[in-house]
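# Commentary on secondary and tertiary structure
Residue strings, one per chain:
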Amino acid sequence: MPTFFNYPFHSNGFIPHGHCYLWQTGLVWLHIISDATIALAYYSIPFLLIYFISKRKDVPFNGVFLLFGAFIIACGTGHLMDIWTLWHPDYWIAGGLKALTAIISIYTAFALFYLIPQALTLPSPAQLEAINRVLSTEIVERKRIEKQLRFAEEVAQNSSQAKSEFLANMSHELRTPLNGILGFTQILQRTESLTEKGRKGVGVIYQCGSHLLTLINDVLDLSKIEARKLELHPVDFYLPAFIDSVTEMCRIKAEQKVIAFHVELDPDLPTGIHADEKRLRQVLINLLGNAIKFTHQGSVTFKVQVIDQESNANGQTNYKIRFQVIDTGTGITPEQAEKIFQPFEQVGNQKQQSEGTGLGLAISQKIVLLIGGQIQVESEFGKGSTFWFEAKLPESKDWAKVSRVVEQGTIIDYQGQRRTILIADDRWENRSVIVNLLEPVGFTVVEASQGEEGWEQALAYKPDLIITDLVMPILDGFELINRLRESEQFKEIPIIASSASVFAIDQHKSIDVGANVFLPKPVEAETLLEMLRQFLQVEWIFDSKVDAIKKTYTSGLDQPNEMIYPAKEVLQQLLDLAQDGDIQIILEITQQLSVADEQLSAFAQQITQLASNFQLKRLETFIQQYLN
């Protein structure tokens, strides 16, 4: 074996390969040039393969390329060895190199044997060309479809915008006469001495006008939801008072239909919560209103309970509250249950359908979805229905800081110097509403039928506050506000922009050009008077003979010493009845107290309210305050 390994390094006994060519110069050079050229070509191929692989690492079978490159290098080296052996008979080295080349070539051949089937699956140039043609066709088709989709989207947007503009414009036209109807009913209720029949008649007019306004707002709300423009505006508010206001509104409707109305409140409910009070009230009134409308005998039950509560990282408690409305009404079929949340879908007889637009549940469902819940329904036809939804609402500790309007009676005047108010509006009925609302309480009201006249009247009378419509001839409200703000004389004057327009852009624009606040039409008397109180810093004078101050539920709890209460024996009797849950006897006793002594009316009213709502724990707490 050692002798074998010594052979490659000993060439004794061999003659150089050039002797085979008899050292003919032409023949020798022919072999030298040919072998050198082949070797050079062989060596260039692997370098090109390596460069190609480095640039295209995504190409499959890179390993075969490397094997092929090694094979080529071995072959090229073999040709150089042929030139070497022309003068040096190192045939063992030449043979070993050929053996190495043979091994590499065999390994490469086996690798190719396994890879050829995979390589054959690769598409041919013809197939690639066909695929490219198909792809090109698909790209053209996709671009065509995208173009159609963009066109359809533009058409849908234009249609939606046209619908929104139509609804908004129709709303403006409907709100303008409603402003006169609702405005003058408020004026009559505040300023005129009416008979009982007349007072009820004016109340019916106001309720009908308010109902029509609600229907208009429902259509607009649905339009805003469909356009994804409806937003929630959460605030901190006092939950018990909120629930009381909702239930009292619905209790009156239930009493008119002579059906029972029950309220069941979880004693663990938070005192204050952070939510969109307006939208939550809208949903609850709709659910309760529907329940009362479709219940002809039996009862409607409103349940509010805490399902879960958790604290977040900020130490704030989030309550999961379930609002549930149960009725013993007509019920709905499974087929109707699938459609009642769709717009304009109504159930019940023709008379009941005519009482609404069929939008209430659709809007309520979308509002609840924005809150993070979903209205669900269980119903048995002919036996009743249960509607409920759950909402996660954060607790509010600062609810008391939120200003609450307390009705103190009818405003008949205000203290201090007399104030002048300018009203600019091209509709006489709108101006008349403002005049008849404000003149009886002591204001001097100057009228202008359009913006230019409003500017002249402002210069002549120098009012303390200006109320202007936005859409007027010659000089509109925006231009009037802008002119007033550019004038040094009226730069700081309070300006209220008032309009029946529901376009948010108009409201925002009026504030941007210089208005202090926006007052929607129809004008609510309380809203207008509160704005005047804030901007003019007036202190109202109330007619205490006409209206008694109504104490809220919270005032009854927070200021027990201000309320006159019965003897301790009566209080103890009421407490025992509350602990036994005997609501009927409690109501009878409170009625007797109210009749026997007018000074006990406020106390009896609070007891009646709590007992009627089955708020037994709060009732016990309320009574114990006076016992202690």
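As the structure is a prediction and not an experimental result, all values here were calculated from the model.

Quick notes on the rules
Residues numbered from 1 in each chain as written. Predicted model: local features only at pLDDT ≥ 70, side-chain atom pairs only at ≥ 80, totals over all residues. Heavy atoms only, no water. Helix = DSSP H or I, 4+ residues; strand = E, 2+ residues; numbered from the N terminus. Buried < 20%, exposed > 50% of the residue type's maximum accessible area, 1.4 Å probe, protein only. Areas by Shrake-Rupley, 256 points an atom, 1.4 Å probe, with all protein chains shown as cover. Salt bridge = Lys/Arg side-chain N within 4 Å of Asp/Glu carboxyl O. Expected span 1.5 Å × (residues − 1). Pairing = 2+ DSSP bridges. Axes fitted to C-alpha atoms, helices over the stretch in contact; angles between N-to-C directions. Contact = heavy atoms within 4.5 Å. pLDDT = per-residue confidence, 0-100. Core = buried A, V, L, I, M, F, W, Y, C linked by side-chain atoms within 4.5 Å. Patch = residues over 30% accessible without salt bridge, like charges linked within 9 Å, V, L, I, M, F, W, Y side chains within 5 Å. Polar contact = N/O pair within 3.5 Å; in protein donor to acceptor, adjacent residues only side chain to side chain. Parallel < 35°, antiparallel > 145°, perpendicular 65-115°, else oblique. Left-handed = near helix turned anticlockwise from the far one by under 90°. Nonpolar A, V, L, I, M, F, W, Y, C, P; charged D, E, K, R; others polar. Phe/Tyr/Trp six-rings, centres within 6.5 Å; stacked < 30°, edge-to-face > 60°. Lys NZ or Arg CZ within 6 Å of the ring centre and 35° of its normal. Lys, Arg positive; Asp, Glu negative; His and termini not counted. Charge placed at Lys NZ, Arg CZ, Asp CG, Glu CD.

This brings us to the overall build of the chain. Helix and strand content of the chain: 21 helices and 14 strands. Counting all 628 residues of the chain, 39% fall into the buried class. In the structure as shown, the chain presents an accessible area of about 36,100 Å², 57% of it carried by carbon and sulfur atoms.

If you walk through the whole model with that rule in mind, you get twelve salt bridges. Across the pair Glu310 and Lys392 runs a salt bridge whose closest N-O atoms are separated by 3.4 Å. Of this pair, Glu310 sits in strand 4 (residues 299-311) while Lys392 sits in strand 7 (residues 384-394); the two residues are 82 residues apart in sequence, bridging distant segments of the chain. Note on Glu310: relative accessible area 38%, which makes it partly exposed. Here Glu390 makes a salt bridge to Lys320, at a shortest N to O gap of 3.5 Å.

When the terminal C-alpha atoms of helix 7 (residues 239-256) are compared, their 26 Å separation across 18 residues agrees well with the 26 Å that a helix rising 1.5 Å per residue should span. Here helix 7 has its buried residues at Leu239, Pro240, Phe242, Ile243, Asp244, Val246, Thr247, Cys250, Arg251 and Ala254. Where helix 7 terminates, the next one or two residues include Val258, which has phi positive at roughly 55°.

With respect to topology, five strands assemble into an open sheet ordered 2-4-5-7-6, the strand pairing being mixed. Both edges of this open sheet fall to strand 2 (260-265) and strand 6 (376-380), since each of them pairs with a single strand only. Strand-to-strand twist across the sheet, computed as the mean angle between neighbouring axes with direction ignored, equals 15°. Helix-sheet contacts for helix 8 (residues 277-293) involve strand 2, strand 4, strand 5 (317-327) and strand 7, and the interaxial angle to strand 5 is about 20°.

Another aspect to go through is unusual backbone geometry. The phi dihedral of Val258 falls on the positive side, at around 55°, and the residue is not glycine. Structurally, the position occupied by Val258 is in the loop between helix 7 and strand 2.

For the chain, the average pLDDT comes to 77, and 79% of its residues sit at 70 or higher. Across residues 1-5, confidence stays below pLDDT 50; counting only partners more than four residues off in sequence or on other chains, it has one contact. Counted against residues more than four places away or in other chains, residues 400-407, with its pLDDT under 50, gives five contacts.

The next point concerns the nonpolar core. With 40 residues, the main nonpolar core has Phe261, Phe302, Phe323 and Phe389 as its most contacted residues. A total of seven residues in this core trace back to one element, the largest contributor, which is helix 8. With near-sequence residues (within four places) excluded, Phe389 lies in contact with Leu280, Val283, Leu284, Leu287, Ile321, Arg322, Phe323, Val368, Gln374 and Ile375. One finds Ile496, Leu528, Val538 and Trp540 within the second-largest nonpolar core, a separate group that totals 26 residues.

To continue, consider a nonpolar patch on the surface. On the surface, Ile106, Phe110, Phe113 and Tyr114 cluster together into a nonpolar patch covering about 520 Å² of accessible area. Positionally, Tyr114 belongs in helix 4 (residues 91-121).

A separate point is the sheet that holds strand 10 (residues 444-448). By way of backbone hydrogen bonds, the strands of a sheet pair with one another, either parallel or antiparallel. Spatial ordering of the open sheet is given by 10-9-11-12-13, a layout of five strands whose pairing is parallel. Looking at which strands have only one partner, the edges of the open sheet turn out to be strand 10 and strand 13 (517-520). The mean inter-strand angle of the sheet, taken between neighbouring strand axes irrespective of direction, is 20°. Note that strand 12 (residues 495-499) and strand 13 share four bridges and pair parallel. Along strand 13, the bridge assignment pairs Ala497 with Phe518. Of the strands in this sheet, strand 9 (420-424), strand 10 and strand 11 (465-469) touch helix 12 (residues 428-438), which is tilted by about 170° from strand 10. The strands that helix 13 (residues 451-461) touches are strand 9, strand 10 and strand 11; relative to strand 10, the one it contacts most, it runs at about 145°.

Attention now goes to the side chain of Gln365. Position of Gln365 relative to the elements: it lies in helix 11 (residues 360-371). A distance of 2.8 Å separates a polar atom in the side chain of Gln365 from the backbone nitrogen of Ile375. In contact with Gln365, not counting residues within four places along its chain, are Phe341, Gln374 and Ile375.

This brings us to the packing of helix 18 (residues 568-580) against helix 19 (residues 583-596). Between helix 18 and helix 19, the shortest axis-to-axis distance is 9 Å and the interhelical angle comes to 155°. Here helix 18 is positioned roughly antiparallel relative to helix 19, judged by the angle of their axes. Taken as a pair, helix 18 and helix 19 cross one another with a handedness that is left-handed. In contact with Val570, Gln573, Leu574, Leu577 and Ala578 of helix 18, helix 19 contributes Ile585, Ile586, Ile589 and Leu593. Along the lines of polarity and charge, the residues of the contact of helix 18 with helix 19 split into eight nonpolar, one polar and no charged.

This part is about the packing of aromatic side chains. Summed over the entire model, instances satisfying the criterion amount to nine aromatic pairs. For the pair Phe323 and Phe389, a centre-to-centre distance of 5.2 Å together with 25° between the ring planes defines the contact as stacked. Of this pair, Phe323 sits in strand 5 while Phe389 sits in strand 7, and the two are 66 residues apart along the sequence. Classification of Phe389 by relative accessible area gives buried; the value is 1%. Between the aromatic rings of Tyr414 and Phe443, the centroid separation amounts to 4.5 Å while the plane-to-plane angle is 25°, which identifies the pairing as stacked. With a gap of 29 residues between them, Tyr414 in strand 8 (residues 410-414) and Phe443 in the loop between helix 12 and strand 10 connect regions that are remote in the sequence. Each member of the pair, Tyr414 as well as Phe443, carries the same accessibility label: buried. Grouping aromatic residues by their ring pairs yields a cluster made of Tyr565, Phe603, Phe622 and Tyr626. Sitting over the face of the ring of Tyr414, Arg418 holds its NZ or CZ atom 4.1 Å from the ring centroid. Above the plane of the ring of Trp455 lies Arg483, whose end atom (NZ or CZ) is 5.5 Å from the centre.

The subject of this paragraph is a negative patch on the surface. Together, Asp576, Asp580, Asp582 and Glu588 make up a negatively charged patch on the protein surface. With respect to the secondary-structure elements, Asp576 resides in helix 18. Using a relative accessible area of 33% as the deciding quantity, one classes Asp576 as partly exposed.

For the pair helix 12 and helix 16 (residues 525-536), interaxial distance at closest approach is 12 Å and the crossing angle is 65°. Between helix 12 and helix 16, the interaxial angle falls into the category roughly perpendicular. Between helix 12 and helix 16 lies a crossing whose hand is right-handed. Contacts between helix 12 and helix 16 involve Ile434, Leu437 and Leu438 on the former and, on the latter, Ala525, Leu528, Leu529 and Leu532. Tallied by class, residues from the contact of helix 12 with helix 16 come to seven nonpolar, no polar and no charged.

Here Val517 shows up in strand 13. Taking the C-alpha atoms as reference points, Val517 and Ile496, separated by 21 residues in sequence, lie 5.3 Å from one another. Setting aside chain neighbours within four positions, we find Val517 in contact with Ile495, Ile496, Ala497, Ile511, Met531 and Phe535.

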